Structures are given as structure tokens and as C-alpha cells.
Amino acid sequence: MNHPWFSSSPEMLGRAVQILQHVRSISIPILTDDFRNILLEEAKRYPLRPAKNTVGTANNLVHQDMLLQDQLKGDGAFAELVVAFQQHFDEAISEQNYFSAPVVFNDVMLQKYEPKSGGITPHRDRTDYRHIICLFVLEGFGRFYIADDRIKTNAVEIANLPGDVVLMPGPGFVGLNDRPFHYLENITQERWVFGLRHDQSKLD
Ligand SMILES: [Fe+2]
């Protein structure tokens, strides 16, 4: 069934997940403008805290320049998005065997990047984030890339317009252990992103 707030059907989402087996990251439009605006309104009411400027050490140092919030209302629009997207996603992959275990979207993260923010330098997400990573672009513009390593070898830009969801694999997707390096730069307009992930550490 097509949820009225999603602009891509479960079939289209399923096709994107299928393609993800071959490309390391892919994005598709997913949020209707109406839903996106409702989400943004709620997003802009949350208090945000600055992320630590650097994480990791020495050769693994990652610089990040963003504000964030991971405690979202249990009865708001984001809570509705999580439930609706989980259903949409489950339907999208219902006839496939991509994942080593059921995908449970149990980790949320709202991020804001100010214009001229330094973004985030090449990094891989934590290994606890399994199966698939979903980044919903709510507003703004920045350039998002996947690469082979921290020095941006073979960088490929991934479209990420407002309303898109950017998908990346995590360990457990089609038997791979892939965690692609990715980074964000050239933020030209205040950018809001909602990250939805399967955090294995919350399930074990
Ligand atoms: Fe990341």
C-alpha cells in the first residue's frame, strides 16, 4: 500500500534497495512536500546541541560541524515517520532476502548543518549500525559523497535533495560487511537531515 506521505511506492523503494547491492549508496525521493514541511516544523522546535568537533584519533580523525538531537517526541511527526517508514520498508523487501536478520529502525538522529558549516569529513558509521542506513533530507543543500577511504579516493557524489532518502549499506546487508566511507561538504543552505538506523547494541 502507498502511504499518503511517501512519494515513492514500496516497489520503488524495493528497487532502490536491490540496486544498493551494486552501488554502495543510492537516493530516491521519499517525502512528499506536505510531510517534509510538517517534519521540518517539528525539527525546528527541538533544542539542539553541538556535536563534538572531532572524533577518533590520529589517522582516523573525523571533523564534524553540526548540531544534533537524538531525543525526539514519542507522539510527533518523526515518531509517525519511523512507524510508517518501517512498514513501507518491510513491504518493500518482503519478497527478498537481503538482510541477515529483521531490520528494526530503532535509532533516530536529527542533524542541522549551518550554511558554511564544515560538514563532516570522510568516515564510516559505527559497526553497531547494521543492515541499512537511511538519511532523510528535510531541507537545505550540501554535497554528499561516498569514497573508498579517508582521502576521498574514487569519490562518487550522491544526489541528496530535500525530500530524498539516501540509503547506505551496513554490516548484514546481502552477506556483505560493507560500511562505505562518506562525507558531506559545501553546505550552501541550512541543512536538516534525519537519520534512521538499526542499532544492534540496543537489541542485544
Ligand atoms: Fe555517517
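Computed from a prediction, not measured in an experiment: that's the story for all the values here.

Draft legend 1. Local environment of the coordination of the iron ion. Listed as protein donors to the iron ion are His123 (NE2), Asp125 (OD) and His182 (NE2); their distances from the metal cover 2.1 to 2.2 Å. Coordination of the iron ion draws on donor residues from a single chain, spaced H-x1-D-x56-H in sequence. With His123 in strand S7 (residues 119–123) and His182 in strand S11 (residues 181–199), this pair connects stretches of sequence that are 59 residues apart. Both residues of the pair, His123 and His182, count as buried.

Draft legend 2. Local environment of empty space enclosed by the protein. All told, the structure shown has one cavity of 30 Å³ or more when counted by the stated rule. Taken as a whole, the largest cavity spans an internal volume of roughly 40 Å³. As for the largest cavity, its lining consists of Asp125, Ile133, Met168, Pro169, Arg179, Pro180 and His182. Grouping the amino acids of the lining of the largest cavity by side-chain chemistry returns four nonpolar, one polar and two charged.

Draft legend 3. Local environment of the layout of surface pockets. Of the volumes computed, that of the largest pocket is approximately 860 Å³. The wall of the largest pocket is formed by 34 residues, among which Gln64, Gln111, Ile120, His123 and Asp125 lie closest to the centre. Of all the secondary structure elements, the ones that give two or more residues to the lining of the largest pocket are strand S4 (62–65), strand S6 (107–113), S7, strand S8 (129–147) and S11. Its residues placed into classes, the lining of the largest pocket shows 16 nonpolar, six polar and twelve charged.

Draft legend 4. Main features of the pattern of salt bridges. Using the criterion set out here, one finds 13 salt bridges in the structure. Ionic pairing is found between Asp128 and Arg126, a salt bridge with its closest N-O pair at 2.9 Å. According to the relative accessible area criterion, Arg126 is partly exposed, its value standing at 40%. The salt bridge involving Glu157 is made with Arg143; its shortest N-O contact spans 2.7 Å. One end of the pair, Glu157, is in strand S9 (residues 156–158); the other, Arg143, is in strand S8, with 14 residues separating them in the sequence. Residue Glu157 is classed as partly exposed on the basis of its relative accessible area of 37%.

Draft legend 5. Representation of unusual backbone geometry. In this structure, His131 takes a positive phi of about 70° despite not being glycine. With respect to the helices and strands, the residue His131 is situated in strand S8.

Draft legend 6. Structural detail: the environment of Met168. With respect to the helices and strands, Met168 occurs in strand S10 (residues 164–169). Given a relative accessible area of 2%, Met168 falls into the buried group. Remark: the alpha-carbon pair of Met168 and Asn37, spanning 131 residues in sequence, is separated by 24 Å. Discounting residues that sit within four places of it in the chain, Met168 has contacts with Leu20, Arg24, Ser25, Ile132, Ile133, Leu135, Phe144, Ile146, Pro180 and His182.

Draft legend 7. View of the packing of aromatic side chains. Scanning the entire structure with this criterion turns up 15 aromatic pairs. The interplanar angle of 35° and the centroid separation of 3.9 Å between the aromatic rings of Trp5 and Phe35 together place this pair among those described as tilted. Of this pair, Trp5 sits in the segment before helix H1 (10–23) while Phe35 sits in helix H2 (residues 33–43), and the two are 30 residues apart along the sequence. Judged by centre distance (6.1 Å) and plane angle (35°), the ring pair of Phe85 and Phe89 falls under tilted. One end of the pair, Phe85, and the other, Phe89, are both in helix H3 (residues 77–92), four residues apart, so they sit about a helical turn from each other. Relative accessible area serves as the criterion here: at 0%, Phe89 is assigned to the buried category. Over the aromatic face of Tyr129 sits the side chain of Arg126, whose NZ or CZ is 4.6 Å from the ring centroid. A cation sits over an aromatic face here: Arg197 above Tyr129, 5.0 Å from the ring centre.

Each value, and the rule that gives it
- Residues numbered from 1 in each chain as written.
- Predicted model: local features only at pLDDT ≥ 70, side-chain atom pairs only at ≥ 80, totals over all residues.
- Heavy atoms only, no water.
- Donors = N, O, S within 2.8 Å, 3.2 Å for Na, K, Ca; no water.
- Helix = DSSP H or I, 4+ residues; strand = E, 2+ residues; numbered from the N terminus.
- Buried < 20%, exposed > 50% of the residue type's maximum accessible area, 1.4 Å probe, protein only.
- 1 Å grid on protein atoms, 1.4 Å probe; cavity = no way out; pocket = protein on both sides within 12 Å on 5 of 7 lines; lining within 4 Å.
- Points joined across faces, edges and corners; volume = space filled by probe spheres on them.
- Nonpolar A, V, L, I, M, F, W, Y, C, P; charged D, E, K, R; others polar.
- Salt bridge = Lys/Arg side-chain N within 4 Å of Asp/Glu carboxyl O.
- Contact = heavy atoms within 4.5 Å.
- Phe/Tyr/Trp six-rings, centres within 6.5 Å; stacked < 30°, edge-to-face > 60°.
- Lys NZ or Arg CZ within 6 Å of the ring centre and 35° of its normal.

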